[in-house]
Amino acid sequence: MSALRGVHLFAILLLASCAAKPAPAVSTAAIPPSAEAAVALGPLANASLPADECGMILWTLDESRPAPVFRYIAGKTAEIAIAGRTISLARIEGSGATGFGVFERQAFSGPDGLTVKVESRFSFGFDGGSYLERGLVSVASPDGWKAVSPAAGIAGCRS
């Protein structure tokens, strides 16, 4: 019984000494707002597909609400909102399953060396389209800042 008490006492002393140690020093230097904004996604003002066009729209959660963050019109351009402005992107590659002019893995380039990679999986179909699941939108600025956001959406054609 005394051996068990000794183990308990040792465990209590060990936990107390861990709690009494100061936390290791952590840098509190904030990321410069301009650097963070270089890749931070924002909601798109216009997230619908034009009539008689095919493409995709991806949403992510913004303050617990879905917000459209990416739109691609097949054969044309894509749009993404960063730092409060809408940026046009050109598709530079696509691979994987395809439908409605959209690939499961796509890469886009924008002005000033901005790159965007979009990955998603086709899911259940509906009349004129398909749901996209397990999506990721990855944004990289030319100076090395990166952001990755989970996304889901639709691919399809609007009549």
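Criteria and cut-off values
Residues numbered from 1 in each chain as written. Predicted model: local features only at pLDDT ≥ 70, side-chain atom pairs only at ≥ 80, totals over all residues. Heavy atoms only, no water. Helix = DSSP H or I, 4+ residues; strand = E, 2+ residues; numbered from the N terminus. Buried < 20%, exposed > 50% of the residue type's maximum accessible area, 1.4 Å probe, protein only. Pairing = 2+ DSSP bridges. Core = buried A, V, L, I, M, F, W, Y, C linked by side-chain atoms within 4.5 Å. Contact = heavy atoms within 4.5 Å. Polar contact = N/O pair within 3.5 Å; in protein donor to acceptor, adjacent residues only side chain to side chain. Disulfide = S-S within 2.5 Å.

Trainee: Mind showing me how you'd approach the environment of Y72 here?
Mentor: By the secondary structure assignment, Y72 is in strand β3 (residues 65–73). Taking the C-alpha atoms as reference, Y72 lies 9.8 Å from S48; in sequence the two are 24 residues apart.

Trainee: Teacher, can you tell me more about the pairing of β3 here?
Mentor: Side-chain positions along a regular strand alternate between the two faces of the sheet. With 7 of 9 residues buried, β3 is to be regarded as a mostly interior element. Pairing of strand β2 (residues 53–62) with β3, which is carried by 8 bridges, proceeds in the antiparallel orientation. Pairing of G55 across the sheet is with I73, part of β3. From the end of β2 to the start of β3, which pair antiparallel, there are 2 residues, and E63 there has a positive phi angle of about 55°. Pairing between β3 and strand β4 (residues 77–82): 3 bridges, direction antiparallel. Directly across from R71, in β4, lies its bridge partner E79. Between the antiparallel neighbours β3 and β4 lie 3 residues, among them G75 with a positive phi of about 80°.

Trainee: What is the right way to read the nonpolar core from this model?
Mentor: Soluble, globular proteins show a tendency: their nonpolar side chains are buried together. If you look at the biggest cluster of nonpolar residues, it comprises 21 residues, and the most contacted ones within it are M56, F70, I80, L89 and V116. Mapped by element, the contributors of at least two residues to this core are β2, β3, β4, β5 (85–99), β6 (102–109), β7 (115–126), β8 (129–140) and β9 (146–158). M56 has contacts with L49, F70, R71, Y72, V102, Q106, V118, S120, L132, I154 and A155, leaving out every residue within four places of it along the chain.

Trainee: Would you mind showing me how to read the side chain of Q106 here?
Mentor: Mapped onto the secondary structure, Q106 falls in strand β6. Within the structure, Q106 has its side chain in polar contact with the side chain of R91 (distance 2.8 Å). Once residues within four sequence positions are removed from consideration, Q106 is found in contact with M56, Y72, R91, E93, G94, G101, V116, K117 and V118.

Trainee: Can you walk me through the state of the cysteines in this structure?
Mentor: Defined simply, a disulfide is a covalent bond joining two cysteines at their sulfur atoms. One pass over the structure, following the stated rule, counts 1 disulfide. One disulfide in the model links C54 with C157; its S-S distance is 1.8 Å. Between C54 and C157 the sulfur-sulfur dihedral comes to about 100°; the bridge is accordingly right-handed. Linking C54 in strand β2 with C157 in strand β9, this pair joins segments that are 103 residues apart in sequence.

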